[in-house]
Every structure is written in C-alpha cells, then in structure tokens.
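Close look at the chain arrangement
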Number of protein chains: 2
Amino acid sequence: MKGVSIKDIAKQAGVSPTTVSFVLNGKAKEKRISDQVSKKILKLATKLKYKPNQLARGLRTGKTKTIGLIVEDIANHFFANVAKIVEEEADKFGYKVLYGSTEDNLQKAKGLLEVLEYRQVDGYIITPTVNLDKDIEALKHARKPMVLLDRYLPHIPTNYVMVNNFQGAYDAAEYLMQLGYEKIAVVTITSEQIQMKERLDGFLAAMKAHRSGFPRKMLKKLAFTATREENIEEIKTFIKSIPNLDAIFFTTNYLGIYGIEAVKDLGLQIGEDIAFISFDDHDLFRLYSPGITCVSQPIGDIARSVIQVLMNELNNNTNQINQVVLPATLVKRGSCSKKAASKI
Amino acid sequence: MKGVSIKDIAKQAGVSPTTVSFVLNGKAKEKRISDQVSKKILKLATKLKYKPNQLARGLRTGKTKTIGLIVEDIANHFFANVAKIVEEEADKFGYKVLYGSTEDNLQKAKGLLEVLEYRQVDGYIITPTVNLDKDIEALKHARKPMVLLDRYLPHIPTNYVMVNNFQGAYDAAEYLMQLGYEKIAVVTITSEQIQMKERLDGFLAAMKAHRSGFPRKMLKKLAFTATREENIEEIKTFIKSIPNLDAIFFTTNYLGIYGIEAVKDLGLQIGEDIAFISFDDHDLFRLYSPGITCVSQPIGDIARSVIQVLMNELNNNTNQINQVVLPATLVKRGSCSKKAASKI
DNA sequence: CTGAAAGCGCTTACAG
DNA sequence: CTGAAAGCGCTTACAG
C-alpha cells in the first residue's frame with residue numbers, strides 16, 4: 001500500500017533526503033553531487049520503483065501538474081475531439097486534465113472555475129460563456145496561465161485559440177451566391193456568444209458585398225434553451241414563411257442537424273429543392289445523402305495550439321499575449337448542387 | 001495569491017488550528033466544541049472564503065477526491081456521452097475526473113494506469129483493453145476501488161457496468177428474421193474484446209435458434225487498426241461476395257458508419273436493396289434516410305450506475321462485487337423495411 | 001471542552 | 001561536495 005519515499009532511498013543509499021531530492025530532480029550537476037553518489041541513487045530509485053508523491057511535491061511547490069479544461073459540452077463532436085487531443089498533448093508535458101461542461105450556463109461555468117481553483121490546477125483552458133468576464137478578469141489578475149478556446153471576450157485581452165469565424169461564414173455565403181442561389185436564409189442562435197456573432201457578421205458582410213442588402217426576415221434566431229422538437233418546429237415554420245427560398249446556412253453543427261430534420265419533415269430534398277450549408281463538420285454531414293457542405297474547423301490544430309500557448313505561459317510566464325486565429329475550410333459536398341450560374 | 005489557511009482562521013478566532021479543523025470537518029459535536037466557538041469559526045470561514053487545501057489534506061489523508069476514467073476513445077459518441085454524465089455525477093459527490101483514451105492499445109492503457117496511480121486517484125473507471133488482466137488484477141489486489149465499463153475480463157471477478165450485448169445482438173438478428181430477411185451477414189472486428197465476442201455470440205445464437213446454421217462466409221471480421229478507407233473497401237468486397245445478400249448487421253457504431261459508406265459506394269439503397277442494423281446509436285443513424293435501426297445502449301443509466309457502484313466502493317469498501325448488466329433496446333427505423341413475411 | 005505536537009512526503013534556503 | 005532543518009496546510013492521536 002505505502003509507496004517508497006525519498007527517505008527510503010536516502011536510508012538505503014546512506015545519504016540524506018536532500019541529496020536524493022537533488023539527484024532525482026536533475027540538479028546533481030548544479031548542486032555538485034559526486035557522480036558516484038548520483039548513480040547509486042538513480043539505480044536505487046529505479047530498483048525500488050520510486051514514484052514521487054505529487055501531492056507532497058505540489059504542497060511544497062504549489063504546482064499540481066494538472067490543467068483544467070472547461071468546454072461547452074464534452075459530448076459535442078467538436079469539443080470531444082478537442083478534449084481528446086488536448087489530453088494527448090498535455091500528457092507529453094507531464095500534465096493531466098480535469099474537465100467539465102458548462103452547457104453554456106453561467107452558473108455552471110462559475111462553479112467549474114471555483115472547483116478548479118480549489119483544486120489548484122496550474123492552468124486553464126476555457127470556453128467562456130457569455131457574462132463570464134468578471135471571473136476571467138479575476139483569473140487574469142491572479143496571473144493564472146489561461147487560454148480561451150473557441151471564443152473570446154471582446155473586452156478582455158487574453159490568450160485565445162479559435163477559428164476565423166467571420167471568414168468561414170463569409171466564404172460559405174459567397175459560395176452560395178457564386179453557385180447562383182438567389183434567396184439565401186440564415187439560422188443562428190439568440191445567444192450573444194461572440195463566435196456566433198462573428199459567423200453571422202461574416203455571412204451578412206458577404207451578402208452586403210454582393211447584394212443590395214439582406215432582409216431581416218431571412219434571418220432566424222433560435223433559443224439555445226429550446227428543446228429539439230421546438231427548434232425543429234421553428235425552423236420548419238421559418239422555411240415555409242419564405243417563398244422561393246433556395247439556400248440556407250446554419251451557424252453551428254447542432255443547428256444544422258436540426259435543419260436537416262426540419263427539411264426532411266417538410267418533404268424537401270436537400271441539394272435539389274434547397275441548398276444547405278452548416279458551420280462545423282460532423283459525421284452526419286459527411287455521410288448524409290447528399291453530403292452536407294460545411295465550414296470545417298481544424299480541430300487538431302486548434303487543440304495543439306491551445307496546449308502550445310498554455311505550456312508557453314506555464315513555463316515562461318511571459319506577459320506576451322498569444323491570440324491564434326486559424327483558417328476555416330469550406331468543404332464542398334452535394335448539398336449545394338446548382339451549377340454555377342449567375343456571377344455575383 | 002496565497003489562500004487563507006486554517007491557521008489564519010485560528011488566529012482570528014483565538015483558538016487552535018485543531019479546533020478549527022474539527023469544526024470545519026463537521027466534528028464539532030463529536031469533539032464537543034462549544035456552540036459559541038463553533039459558530040464563530042464557521043462565520044469566519046465563510047467571511048474569509050476559506051477553501052481547504054486539497055493537496056495538504058490529500059497528503060495527510062491519502063485521498064485526492066479524484067477518479068480516473070479510462071475509455072477507449074473519448075471522441076467516440078458513446079464514450080463522450082458517458083464521460084459527460086460521469087463528470088456530472090462525480091461532481092455531486094465532490095469528485096473530479098481525470099481521463100484518457102487507450103485507443104484499445106495495451107501499452108497506452110498501461111501508461112494511463114500508471115499515471116493515474118502516480119496521481120493517487122481514489123478510484124478507477126476502466127474500459128479494459130485485451131490483455132490488461134494483470135494490471136487489473138494488481139489494482140484489485142491493492143484493493144483500489146474500481147469499476148469496469150463497457151466490457152469485463154472473464155477471468156477476473158470485478159465490479160462492472162455494461163449493456164447486455166448478447167441479448168441486444170440476439171434481438172437484432174431475430175428481428176431481421178421475423179421481418180423475413182433470408183441472407184443475413186454480420187460484420188465485426190478481429191479484436192478479442194469480450195463485448196464484441198458477446199455481440200457476435202448473440203447474433204449467432206439467434207441464427208442457430210431459427211435457422212439450420214450459419215455459414216462462415218457470411219461473417220466478416222475487420223482489423224481495428226485498419227484505416228477508414230481500407231475498412232470500407234473490405235466491406236464492399238464482402239458485400240459483393242455474397243449473392244442475394246438482403247440484410248447486414250454491424251456490431252458497433254463505427255463499423256456501422258463504415259458500412260453506410262460502403263453500401264452507398266456500391267450504389268445500393270439501404271432499406272430497399274439491403275436491410276441494415278448496427279449496434280450502438282448515433283446521430284447519423286437517427287437522421288440518415290432512411291433511419292438506421294440500431295441496438296441502443298442506455299448511456300445515462302450506464303454512467304450513473306458506474307458512479308453509484310464506485311461511490312459505494314469508495315465509501316464502504318465492502319468486499320461485495322457489483323456487476324450491473326443493463327438491457328439494450330432495439331430502436332426500429334426505416335433501414336429494415338420489409339414487411340413481416342415468413343415467420344421464423 | 002480545547003490545544004500542543006507530530007507527521008504526511010516533498011523542496012530549498014542556509015550552513016559548513 | 002553534502003546535510004540538518006524548516007515549512008507547505010492539513011488531520012488526528014494524545015493529553016489535560
């Protein structure tokens with residue numbers, strides 16, 4: 001049950017715990033421990049399978065070698081994949097990760113932050129909810145290593161890693177126009193989340209760049225809190241309300257999934273009766289018939305950047321702020337099949 | 001930066017740290033601390049926002065209030081959802097969770113186990129890989145609270161929570177026969193994973209119960225390590241090799257997804273040309289046209305049971321073994337559309 | 001009814 | 001080149 005401690009090694013080697021600690025922490029040279037002693041200790045440590053007690057070390061150094069990962073929903077395709085790579089990358093640096101989902105709920109986010117602080121994680125990866133500003137500010141003020149993921153807080157300069165939401169949505173809208181679609185609608189959520197706002201802005205900017213304007217009635221906002229069924233009904237009603245609608249853009253994958261269901265319920269054929277693009281990729285989009293064109297996020301790059309920025313912060317504690325914006329890619333599939341007709 | 005400690009409270013209250021500790025740990029009555037002192041301490045604690053240092057407490061008590069969750073792949077729909085509920089449930093008991101993915105690789109699993117031991121997690125939730133027996137045995141021998149998830153090791157009696165794989169697959173096969181399908185094939189993986197074996201056994205048992213036998217050539221095993229493209233090619237070749245094939249069963253969701261791609265590539269129509277069932281549900285199965293009939297696992301129940309069993313172990317350390325087998329549900333969708341014809 | 005003291009396993013400033 | 005000692009923040013057996 002009991003593990004071997006530094007003391008055990010010291011006793012067997014006939015030296016003090018101090019010396020053992022120095023050697024085991026690679027400070028043998030620096031502390032000018034003789035090679036002979038050094039080797040003896042190292043040999044003993046492997047022989048006894050010595051594992052430093054992280055708790056004791058942490059108590060002493062204040063470091064837990066643990067990072068906290070707060071996402072919106074760990075079960076969501078995007079975040080689950082990020083979580084996987086984050087764990088793998090963190091492991092390479094000797095860190096483990098504690099996670100939690102906010103469900104985009106401010107209180108849950110605050111609770112998570114509190115627990116992680118309490119647990120003394122060394123660094124934070126956070127997908128902030130709306131109105132989390134004060135808490136992020138506090139973390140920043142306490143000089144805690146931290147990097148925001150997927151979105152940022154406009155009023156607080158911090159490290160962050162995210163995709164270029166504006167560009168991704170702009171490209172999607174422009175693509176639809178290039179193909180010759182005329183009546184293009186957009187579905188987003190009511191929430192003030194910055195990344196959603198930027199996606200909508202990108203979409204609208206493209207529309208305005210190539211068209212005389214964008215009528216408000218072509219825009220639908222859904223409540224994050226509504227049920228699946230409610231959302232699908234809302235989308236159906238929205239689609240029916242627009243005569244001659246020929247293309248529709250959804251600003252995130254779960255909305256896109258609702259959209260597919262709504263379109264299916266209405267008996268419309270994606271790609272034939274209506275063109276369809278969603279932000280974020282998903283197995284479903286790839287495999288649906290026809291495939292759903294989407295704005296894909298580089299998940300691996302995002303996760304690796306997040307860890308890189310965090311490790312940099314953890315090790316150097318510079319004051320430099322790293323803001324990484326990665327390009328989104330338009331993945332073209334059968335859901336927008338009209339042959340390029342009118343030029344935009 | 002520095003948090004308030006028990007000493008700070010003691011000083012301000014004019015009592016000893018011992019007394020503070022007793023009160024804060026709810027032992028005021030037991031240790032017969034006066035109500036007056038007790039109240040003063042409690043008030044001070046909330047006023048100073050005292051947060052016990054888990055590291056120090058852990059060093060002293062040997063408990064970290066952390067559990068380790070080892071899954072096959074945290075990015076997989078099933079495990080991502082389990083991870084989410086596990087985290088929520090654990091949180092209710094004051095536990096946080098550290099996770100990692102094995103990729104069904106023995107070395108990774110061993111590595112994960114080692115790190116978690118090193119981190120002194122209080123309990124383990126493990127999706128074992130093949131050949132992990134010795135390590136699980138060691139954990140068991142060390143009397144570490146532990147519960148296996150999704151699969152078990154036949155030679156080692158331990159706690160586990162899983163779905164009834166045999167019954168789920170049996171039901172699927174029987175359903176196909178009831179609908180009147182004649183030539184039914186099955187696709188599984190080469191790995192020795194017990195849950196896969198049981199699914200195949202369930203399928204075969206149903207076939208044997210209602211038919212004269214099951215020809216070996218109707219069974220295809222794919223390598224877990226093969227690439228997406230390779231697997232899809234293999235499935236296509238397999239399907240083409242069986243004349244008059246009219247139904248196919250996949251033993252897990254990612255195989256089912258490959259299967260959909262393969263069938264699509266071959267220009268066959270699911271539900272029309274070939275009936276299709278997969279173990280495990282997935283967004284894709286629900287939304288595909290036609291919907292894919294599947295054997296659904298009760299993910300919420302599984303995750304809650306896992307935590308319940310683990311907490312029971314953690315708190316009571318009984319010797320009693322809990323083995324929970326939950327029923328799988330056949331979710332009928334359009335992918336098996338033949339009208340019930342021949343009776344089986 | 002309450003407190004002094006030891007100890008969990010480390011690290012590190014200080015001393016020689 | 002090496003060690004004694006203090007201290008991180010708790011808990012708990014012991015004493016009064």
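Residues numbered from 1 in each chain as written. Chains lettered and ligands numbered in written order. Predicted model: local features only at pLDDT ≥ 70, side-chain atom pairs only at ≥ 80, totals over all residues.

**Quick look at the protein's contact with DNA strand D**
Near DNA strand D, the surroundings consist of 27 residues, among which A:Ser16, B:Ser5, B:Ile6, B:Asn53 and B:Ala56 are the closest. Going through the elements one at a time, helix 2 (17-24) and helix 4 (54-61) of chain A together with helix 2 (17-24) and helix 4 (54-61) of chain B are the ones with two or more residues in the surface near DNA strand D. If one sorts the elements of the surface near DNA strand D by residue count, helix 4 of chain B sits on top with five residues. Of the residues belonging to the surface near DNA strand D, the class tally is 11 nonpolar, 10 polar and six charged. (Near = placed C-beta within 6 Å. Helix = DSSP H or I, 4+ residues; strand = E, 2+ residues; numbered from the N terminus. Nonpolar A, V, L, I, M, F, W, Y, C, P; charged D, E, K, R; others polar.)

**Overview of the protein's contact with DNA strand C**
Contacts to DNA strand C come from 27 residues, most closely from A:Ile6, A:Asn53, A:Ala56, B:Ser16 and B:Thr18. Of all the elements in the fold, those that place two or more residues in the surface near DNA strand C are helix 2 and helix 4 of chain A together with helix 2 and helix 4 of chain B. Residue contributions to the surface near DNA strand C peak at five residues, all from helix 4 of chain A. For the surface near DNA strand C, the class distribution of residues is 11 nonpolar, 10 polar and six charged.

**Brief notes about unusual backbone geometry**
In this structure, the amide linkage connecting A:Ser289 to the following residue, A:Pro290, adopts the cis form with an omega of -5 degrees. With respect to the helices and strands, A:Pro290 occurs in the loop between helix 12 (283-287) and strand 10 (293-296). The phi dihedral of A:Lys49 is positive, around 55 degrees, even though this residue is not glycine. With respect to the secondary-structure elements, A:Lys49 resides in the loop between helix 3 (35-47) and helix 4. For B:Glu103, which is not glycine, the phi torsion reads 60 degrees and is therefore positive. Looking at the secondary structure, you find B:Glu103 in the loop between strand 2 (96-101) and helix 6 (106-118).

**Here's the deal with the interface of chain A and chain B**
Each partner contributes residues to the interface: chain A has 35 residues there, and chain B has 35 residues. At the level of elements, helix 4, helix 5 (77-92), strand 2 (96-101), helix 6 (106-118), helix 11 (253-265) and helix 12 of chain A are the ones that each hand at least two residues to the side of chain A that touches chain B. (Contact = placed C-beta atoms within 7 Å.)

**A look at the domain arrangement of chain A**
Residue and element names in this part refer to chain A. Taken domain by domain, chain A holds domain 1 (6-52), domain 2 (64-163 + 299-326) and domain 3 (165-297). Inter-centroid distance (C-alpha atoms) of domain 2 to domain 3 is 29 Å. With 12 residues of domain 2 at the contact, the number on the domain 3 side is 12 residues. Within the residue set of the side of domain 2 that touches domain 3, elements represented by two or more residues are helix 5, strand 5 (160-163) and helix 13 (299-316). Here the residues of the side of domain 2 that touches domain 3 are counted per class, giving eight nonpolar, one polar and three charged. (Domains from an automatic or database assignment.)

**Re the sheet that holds strand 10 of chain A**
Residue and element names in this part refer to chain A. Spatially, the six strands line up as an open sheet ordered 7-6-8-9-10-12, and their pairing is mixed. Where the open sheet ends on each side, the last strands, each with one partner, are strand 7 (219-222) and strand 12 (329-331). Across the sheet, the mean angle separating the axes of adjacent strands is 20 degrees when strand polarity is ignored. The strands touched by helix 8 (residues 165-178) are strand 6 (184-189), strand 8 (247-250), strand 9 (275-279), strand 10 and strand 12; relative to strand 9, the strand with the most contacts, the crossing angle is about 175 degrees. (Pairing = 2+ DSSP bridges. Axes fitted to C-alpha atoms, helices over the stretch in contact; angles between N-to-C directions.)

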